[in-house]
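What follows is the residue order along each chain.
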Amino acid sequence: MKAPIQGYLEQLHEQVGQIDEGELASYIPELTKADPKAFGICLVTMDGVAYAVGDTQQTFTIQSISKAFVYAAALADRGQELVASKVGVEPSGDAFNSISLDPQSGAPFNPMINAGAIATSGLVAGSTPQAQWQRIQEALADFAGHPLALDEAVYRSESDTGHRNRAIAWMLKNFGIIDGDPMAVLDNYFRQCSLLVSCRDLAFMAATLANGGVHPQTGKAALPADEVERVLSVMATCGMYDYAGSWLYEVGMPAKSGVGGGIVAVVPGRFGVGIFSPRLDAKGNSVRGIEACKRLSRQFGLHAFARRDHPSMALERIFSAAQVPSRRQPPLEVRSFLDERAGSIKYLILHGFIAVDGVEYVIRKMQKLAPTTHSFILDMHQVDGLSESAARLLNQARLGLAAEGIALVCSRVHKRQAILAHLGKAARSGDRGFLLFEDNDLAVEWCENRLLAEMGDLAPGPRGMGDSLMFRGLPAELLQRIEQVSQRRSYTSGEQILRIGQEGDGRVFFIESGHVSILVPLQNGNHQRIASLCPGMEFGEMALLGQTTRSASVFADTDVSCRILEVTDLERLAEEAPKLEIILLKNLARGIAARLRGANQCIQALA
Ligand code: GLN
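My aim in this report is to walk through the structure given alongside it, one point at a time. In this text, all values refer to a predicted model and were calculated from it rather than measured experimentally. (Residues numbered from 1 in each chain as written. Predicted model: local features only at pLDDT ≥ 70, side-chain atom pairs only at ≥ 80, totals over all residues. Heavy atoms only, no water.)

**Topic: the sheet that holds strand 16 (residues 507-513)**
Strand-to-strand pairing in sheets goes through backbone hydrogen bonds, with the strands running parallel or antiparallel.
Next up, step 1: Ordered in space as 14-21-16-19, the four strands form an open sheet in which the pairing is antiparallel. In the strand order of this sheet, the two ends are held by strand 14 (487-491) and strand 19 (538-539), each with one partner.
Next up, step 2: Here strand 16 pairs with strand 19 via two bridges, running antiparallel. Each residue of the ladder has a partner; that of phenylalanine 510, found in strand 19, is glutamate 538.
Next up, step 3: Seen against the sheet, helix 18 (residues 567-576) touches strand 16 and strand 21 (560-566) and runs at an angle of roughly 50° to strand 21. (Pairing = 2+ DSSP bridges. Helix = DSSP H or I, 4+ residues; strand = E, 2+ residues; numbered from the N terminus. Contact = heavy atoms within 4.5 Å. Axes fitted to C-alpha atoms, helices over the stretch in contact; angles between N-to-C directions.)

Laid out in structure tokens, this is it:
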């Protein structure tokens with residue numbers, strides 16, 4: 001199947017390709033040799049997939065687009081403060097080659113016009129112009145994902161004719177914005193403008209900015225994440241020269257164009273776009289490039305100020321432990337105590353990227369539910385991300401709820417480091433932060449224990465075989481004979497009692513003291529607990545039904561004492577007393593029916 005987005009881009013290319021307006025840049029003579037019909041569009045996703053249409057491999061000189069990436073390098077090398085003292089961030093509203101400097105400081109208005117860009121080229125790390133050129137090449141290579149070659153002819157052509165830029169460089173020297181030899185700095189600027197890129201390269205460079213500074217294919221950080229916002233801000237306000245206002249108004253993406261016919265446009269966190277079509281409008285922007293971006297923005301809703309997902313999307317649903325109780329099977333009196341209160345344990349299933357607006361909605365819901373709630377479990381399984389500020393608010397909510405005696409815990413964060421880091425950072429010193437659980441069952445069991453703590457002395461002590469529901473209704477004398485043929489065995493905490501897949505083990509286990517967990521392995525190598533059992537309960541009873549292969553593993557959670565009954569012994573007793581078999585099978589069927597009901601209820605709640 002062809003990717004629908006590919007089909008869409010082909011259509012866009014076909015339609016916008018009809019436009020024949022605009023002229024090749026001619027003030028750099030060599031640029032008139034470009035093919036005016038060339039046209040390519042490339043879109044790169046955050047996981048590094050490139051959708052390309054048209055002339056996306058053809059190379060051309062990067063020109064002014066380099067300014068954004070060299071500015072990025074200067075910020076990374078020298079820090080925002082120093083860079084800001086030499087180059088401003090105000091849109092000039094002037095043409096790219098205007099000689100506009102702040103009348104007081106002499107600093108260029110912004111790094112996207114030539115004056116600011118030439119100053120910026122002099123700011124990157126390196127103690128000689130050669131070392132700085134090295135740095136510029138490396139920086140651009142990191143963004144593109146590979147080294148870029150230089151177009152000697154274009155470089156010579158601009159160097160021979162670029163007198164206006166020469167004048168700008170000397171003015172910058174005059175105002176103390178350039179420290180060393182202004183002609184050496186200008187030479188680096190001419191070189192950086194003559195680096196060759198394809199529109200595919202541009203799309204990856206844009207995608208790297210969209211991806212927090214990390215190249216989506218090489219995985220290399222081209223720019224510290226903190227600086228990305230700064231670069232994008234300047235691109236948004238100044239990237240399209242004296243068309244910047246209209247561009248933001250209509251397209252709404254941080255972008256940068258060059259007189260070689262290229263445009264990069266960034267949709268933060270979503271896409272990088274590269275376009276190549278060398279016919280330019282009067283302001284020096286690619287005519288088709290602008291049109292293609294306008295349509296892309298409109299049809300895909302990519303404008304920076306477009307409406308985002310509604311905050312309520314953050315909360316997928318709410319249910320309680322009445323619908324999905326823990327898998328622990330405690331004695332009846334404990335279970336009925338918990339059942340009465342199960343509605344006070346609430347799961348909130350969160351979803352998507354949770355920012356401040358989403359978390360505000362979730363907290364408001366919890367406040368509303370608080371009067372009938374003992375514990376909240378935030379299920380983070382479907383959460384893609386959590387902003388730092390959202391984590392802070394969530395933490396405040398946790399402390400506020402705790403003051404009212406209500407617990408707020410998280411489950412299924414798994415190993416998502418960014419979320420864990422934000423949750424951890426949000427906790428103040430002296431506070432242990434969010435309690436995190438591997439799965440909802442463990443979380444709900446913890447919440448049940450909080451309820452049980454209020455129950456007092458009902459916690460189950462040691463039991464005998466007679467407490468097992470399996471022997472309900474059995475005459476005392478038969479029970480005694482069963483006890484006589486059974487054997488006692490102890491297990492230490494952590495010991496495996498039964499192994500899944502284990503064959504030919506015809507024994508039934510009755511817990512006298514301690515707790516065990518029944519586990520099944522998952523595909524990812526983890527285990528899922530399907531039940532936890534306490535004294536007075538049995539396991540392995542399927543052996544009575546002739547099942548010879550164990551369908552789950554059983555581990556001792558504490559030191560455990562069991563009575564073990566061989567199925568063959570039981571069968572022998574049943575031959576003498578047929579009533580035994582009937583009672584046993586009935587009780588067994590009742591137990592299985594109860595579990596089936598529970599499973600059905602669970603499926604219903606989760607569907
Ligand atoms: N090298 C060109 C110049 O300085 C870049 C201009 C541009 O792409 N807008 O004039």
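Still to come is the rest of the account.
**Some thoughts on the sheet that holds strand 13 (residues 436-437)**
Next up, step 1: Taken together, five strands build an open sheet; the order of strands is 8-10-11-12-13 and the sheet is mixed. Looking at which strands have only one partner, the edges of the open sheet turn out to be strand 8 (315-320) and strand 13.
Next up, step 2: Sheet topology note: the strand 12 (residues 407-411)/strand 13 ladder contains two bridges and is parallel. Pairing of cysteine 410 across the sheet is with leucine 436, part of strand 13.
Next up, step 3: On top of the sheet, helix 13 (residues 356-369) reaches strand 8, strand 10 (345-354), strand 11 (375-386) and strand 12; it is set at about 170° to strand 10, its chief contact.

**Observations regarding the site of the ligand**
Next up, step 1: In the region of the ligand, the neighbouring residues are Tyr27, Gln63, Ser64, Phe96, Asn114, Glu158, Asn165, Tyr189, Cys193, Tyr241, Gly258 and Val259.
Next up, step 2: At a separation of 2.7 Å, a nitrogen atom of the ligand approaches a polar side-chain atom of glutamine 63.
Next up, step 3: Between the ligand and valine 259 there is a distance of 2.8 Å, counted from an oxygen atom to a backbone nitrogen or oxygen.
Next up, step 4: Within the complex, the protein chains bury 99% of what would otherwise be the 300 Å² of accessible surface of the ligand.
Next up, step 5: Of the residues belonging to the shell around the ligand, the class tally is six nonpolar, five polar and one charged. (Near = heavy atom within 4 Å. Polar contact = N/O pair within 3.5 Å; in protein donor to acceptor, adjacent residues only side chain to side chain. Areas by Shrake-Rupley, 256 points an atom, 1.4 Å probe, with all protein chains shown as cover. Nonpolar A, V, L, I, M, F, W, Y, C, P; charged D, E, K, R; others polar.)

**So, the pattern of salt bridges**
Next up, step 1: Considering all chains together, one arrives at 24 salt bridges under this definition.
Next up, step 2: In this structure, the salt-bridge partner of arginine 335 is aspartate 339, at a minimum N-O distance of 3.2 Å. Taken together, the residues span about one helical turn, with arginine 335 and aspartate 339 both in helix 12 (residues 332-341) at a distance of four residues.
Next up, step 3: Between arginine 341 and glutamate 340 there is a salt bridge, with its nearest N and O atoms 3.5 Å apart. (Salt bridge = Lys/Arg side-chain N within 4 Å of Asp/Glu carboxyl O.)

**Brief notes about a nonpolar patch on the surface**
Next up, step 1: A grouping of Leu545, Leu585 and Ile592 is seen on the molecular surface, where their side chains present a nonpolar patch of about 240 Å² in accessible area.
Next up, step 2: One can find leucine 545 in the loop between strand 19 and strand 20 (553-556). (Patch = residues over 30% accessible without salt bridge, like charges linked within 9 Å, V, L, I, M, F, W, Y side chains within 5 Å.)

**A word on the packing of aromatic side chains**
Each pair of aromatic rings is reported with the distance of its centres and the angle of its planes.
Next up, step 1: Enumeration according to the criterion identifies 10 aromatic pairs in this entry.
Next up, step 2: Centroid distance tyrosine 189 to phenylalanine 190: 6.1 Å. Interplanar angle 50°. Geometry classified as tilted.
Next up, step 3: Note on phenylalanine 190: relative accessible area 1%, which makes it buried.
Next up, step 4: Consider the rings of phenylalanine 437 and tryptophan 446, whose centres lie 5.9 Å apart with planes at 45°: the pair is tilted.
Next up, step 5: For tryptophan 446, a relative accessible area of 28% translates into the label partly exposed.
Next up, step 6: Every member of this aromatic cluster is reached through a ring pair, and the members are Tyr27, Phe96 and Tyr241.
Next up, step 7: Looking at arginine 398, its charged tip hangs above the ring of phenylalanine 434, at a distance of 4.9 Å from the centre. (Phe/Tyr/Trp six-rings, centres within 6.5 Å; stacked < 30°, edge-to-face > 60°. Buried < 20%, exposed > 50% of the residue type's maximum accessible area, 1.4 Å probe, protein only. Lys NZ or Arg CZ within 6 Å of the ring centre and 35° of its normal.)

**Considering the environment of valine 567**
Next up, step 1: Considering the arrangement of structural elements, one finds valine 567 in helix 18.
Next up, step 2: Separated by 476 residues in sequence, valine 567 and proline 91 place their C-alpha atoms 86 Å apart.
Next up, step 3: Dropping the residues within four chain positions of it, valine 567 is found in contact with Gly506, Arg507, Val508, Ala543 and Leu544.

**Digging into helix 17 (residues 476-485)**
Next up, step 1: Within the sequence span of helix 17, burial applies to Leu478, Leu479 and Ile482. In an axial view of helix 17, the angular spread of the buried residues amounts to 100°, which keeps them on one side of the axis. Set apart from the buried face of helix 17 by more than 90 degrees, the exposed residues are Ala476 and Gln484.
Next up, step 2: Among the structural elements, strand 21, helix 18 and helix 19 (578-606) are those in contact with the buried residues of helix 17. (Arc of directions from axis to C-beta.)

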